[in-house]
Amino acid sequence: MSLALLFPGQGSQVVGMGRELAASDPTAANVFREADEILGFSLSGLAWEGPLEVLTETRHAQPAILTHSVAVFRVVQDRLGPVSLAAGHSLGEFSAHVAAGTLSFADALQAVRLRGELMFESGQARPGTMAAVLGMDDEALEALCEGVSSEGSVCVPANFNSGGQVVISGDVDAVGRAMEAASGAGAKRVIALNVSGAFHSPLMETAQDGLRSHLASLSFGDPAFPVVSNVTARPVSDGAVARDLLVDQLTSPVRWAQSVATMVEHGVERFLELGPGNVLCGLNRRNARGTECLSLADPTDIEKLAG
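The shown structure was predicted, so the numbers you read here are calculated from the model rather than taken from an experiment.

Caption draft 1: Looking closely at the overall build of the protein chain. From N to C terminus, the protein chain includes 14 helices and 10 strands. Relative to its length of 307 residues, the protein chain is compact, with a C-alpha radius of gyration of 18 Å against a globular reference of 19 Å. Seen through its principal axes, the protein chain has C-alpha atoms that stretch 55 × 45 × 35 Å. When the 307 residues of the protein chain are sorted by exposure, 56% land in the buried category. The contacts in the protein chain between residues at least 6 apart in sequence include a share of 75% that link residues at least 24 apart. Averaging the locations of the 20 positively and 35 negatively charged side chains of the protein chain gives two centres separated by 4 Å.

As structure tokens, this is what we get:
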């Protein structure tokens, strides 16, 4: 059975994430211990005890989610058999590349810590926001965003999560105009998101510059199995290409629905979501209808995998 791995992105963090897994499995405990040593502070304590408002800060949430995802992968990897493809939602693409061996856990952890800091700083320098738009055609929403944008105030689609579920991103006033226009154009719901910046939009260009410089200093190998890029929704088998796409990703939309469709087209018959939450398996109810998807976060989930 052709298997694909999915790795969650920011927003999946929750206080207590990975605690039961680390308590029950020394492999997982070692991953959290390694993260604490690499970062120089107790990421494990923050992930397991909170407080939530500190864990949710971009600079903390990103390394915490990556660490939990890698811990789950290392616990289950010997039971998986051949992996055909992998993909990660935004931050999760780094987790996917760690699983594929494209870059080391230590390098990825430091990179996403910096990525989170750079994204936050970009949001402070040019304040932006995001909103979820439900029940509207993708092309119509793209045209709407273009229509409300001007030279100094932009709104763009940021996450194509599933058919009829798109997140928009940009300057506060432009996103506000887009929300109002979408409501008037027949969107079922328009929901403002509590974020620290306009992620996956041109407002992240300064973060992109800093991340490019840092990733250029890291060693990227070719992945052991292809990782589907958020930017292109196509499989990537070249480490140098993966490096460039991880930079481009900051200002490009996450083409998640298309990425999952690509994996289905390549014959994937089973998905495993590795890390906190079950958002990606939830999206698969639309993106890969009828295809098995199992979320693995704690020991109970992993027992189901073994069964």
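Caption draft 2: Focus on the layout of surface pockets. Its boundaries defined by the atoms lining it, the largest pocket holds a volume of some 980 Å³. Taken together, 37 residues form the lining of the largest pocket, with Gln10, Gly11, Leu193, Asn194 and Val195 sitting closest to its centre. Among the elements of the structure, helix 5 (58-80), helix 7 (105-125), strand 3 (128-134), strand 4 (155-162), strand 5 (165-171), strand 6 (189-193) and helix 13 (279-287) are those that each provide at least two residues to the lining of the largest pocket. For the lining of the largest pocket, the per-class residue count stands at 15 nonpolar, 16 polar and 6 charged.

Caption draft 3: Structural detail: the sheet that holds strand 4. Taken together, the 4 strands give an open sheet; going across it, the order is 4-5-3-6, and neighbouring strands pair in antiparallel fashion. Edge strands, defined here as strands with exactly one partner in the open sheet, are strand 4 and strand 6. Geometrically, the sheet is characterised by an average inter-axis angle of 25° between neighbouring strands, direction not taken into account.

Caption draft 4: Looking closely at a negative patch on the surface. Taken together, the side chains of Asp137, Glu139, Glu142 and Glu146 make up a negatively charged region of the molecular surface. Relative to the helices and strands, Asp137 is located in the loop between strand 3 and helix 8 (138-148).

Caption draft 5: Focus on the pairing of strand 3. Counting buried positions along strand 3 yields 6 of 7 residues, so the element is predominantly enclosed. Relative to strand 5, strand 3 runs antiparallel, the two being bridged by 7 bridges. Within strand 5, the position partnered with Gly128 by the bridge is Asp171. For strand 3 and strand 6, the ladder comprises 5 bridges, and the chain directions are antiparallel. The residue of strand 6 that forms the bridge with Val133 is Val190.

Caption draft 6: Representation of the side chain of His200 within the structure. Secondary-structure assignment places His200 in the loop between strand 6 and helix 10 (205-215). In this structure His200 comes out as buried when scored by relative accessible area, which is 4%. At a separation of 3.1 Å, a polar atom in the side chain of His200 contacts the main-chain carbonyl oxygen of Ser252. With residues up to four places along the chain from it excluded, the contact list for His200 reads Ser90, Arg115, Val156, Pro157, Ala158, Asn159, Gln249, Leu250, Thr251, Ser252, Pro253 and Val254.

Caption draft 7: Main features of helix 11 (residues 239-248). Looking at helix 11, one finds that the buried residues are Gly239, Ala242, Arg243, Leu245, Leu246 and Val247. As for helix 11, its buried residues are in contact with helix 6 (92-100), helix 10 and strand 8 (235-236).

Caption draft 8: Structural detail: the state of the cysteines. This model, assessed by the stated rule, comprises 1 disulfide. In this structure Cys155 is not part of a disulfide, and its nearest cysteine sulfur, from Cys145, lies 3.7 Å away. Look at Cys155 and you get buried, because its relative accessible area is 2%.

Caption draft 9: Summary view of the packing of aromatic side chains. Within this structure, the stated rule accounts for 1 aromatic pair. Ring centres of Phe32 and Trp48 lie 5.2 Å apart, and the angle between their planes is 50°; this geometry places the pair in the tilted category. Within this pair, whereas Phe32 is found in helix 2 (residues 26-39), its partner Trp48 is found in helix 3 (residues 43-49), the two being separated by 16 residues in sequence.

Caption draft 10: Just the pairing of strand 1 (residues 3-7), in detail. Counting buried positions along strand 1 gives 5 out of 5 residues, so the element sits mostly inside the fold. In strand 1, alternate side chains face the same way, and those of Leu3, Leu5 and Phe7 on one face and Ala4 and Leu6 on the other are all buried. Two strands pair when backbone bridges link them, and strand 1 and strand 9 (residues 270-274) are joined in this way by 4 bridges, in the parallel orientation. Among the inter-strand pairings, Ala4 is bridged to a residue of strand 9, identified as Phe271.

Caption draft 11: How the structure looks around the pattern of salt bridges. For the coordinates displayed, the defined rule picks out 8 salt bridges. With its nearest N and O atoms 3.5 Å apart, the salt bridge here joins Arg113 to Glu117. With Arg113 and Glu117 both in helix 7 and 4 residues apart, this pair spans about one turn of that helix. Under the relative-accessibility criterion, Arg113 is labelled buried at 16%. Of the charged contacts in the structure, one is a salt bridge between Arg177 and Asp173, with a shortest N-O distance of 3.7 Å. Of this pair, Arg177 and Asp173 both sit in helix 9 (residues 172-184), 4 residues apart, which is roughly one turn of the helix.

Calculation notes
- Residues numbered from 1 in each chain as written.
- Predicted model: local features only at pLDDT ≥ 70, side-chain atom pairs only at ≥ 80, totals over all residues.
- Heavy atoms only, no water.
- Helix = DSSP H or I, 4+ residues; strand = E, 2+ residues; numbered from the N terminus.
- Rg over C-alpha atoms; globule rule 2.2 N^0.38 Å.
- Buried < 20%, exposed > 50% of the residue type's maximum accessible area, 1.4 Å probe, protein only.
- Contact = heavy atoms within 4.5 Å.
- Lys, Arg positive; Asp, Glu negative; His and termini not counted.
- Charge placed at Lys NZ, Arg CZ, Asp CG, Glu CD.
- 1 Å grid on protein atoms, 1.4 Å probe; cavity = no way out; pocket = protein on both sides within 12 Å on 5 of 7 lines; lining within 4 Å.
- Points joined across faces, edges and corners; volume = space filled by probe spheres on them.
- Nonpolar A, V, L, I, M, F, W, Y, C, P; charged D, E, K, R; others polar.
- Pairing = 2+ DSSP bridges.
- Axes fitted to C-alpha atoms, helices over the stretch in contact; angles between N-to-C directions.
- Patch = residues over 30% accessible without salt bridge, like charges linked within 9 Å, V, L, I, M, F, W, Y side chains within 5 Å.
- Areas by Shrake-Rupley, 256 points an atom, 1.4 Å probe, with all protein chains shown as cover.
- Salt bridge = Lys/Arg side-chain N within 4 Å of Asp/Glu carboxyl O.
- Polar contact = N/O pair within 3.5 Å; in protein donor to acceptor, adjacent residues only side chain to side chain.
- Disulfide = S-S within 2.5 Å.
- Phe/Tyr/Trp six-rings, centres within 6.5 Å; stacked < 30°, edge-to-face > 60°.

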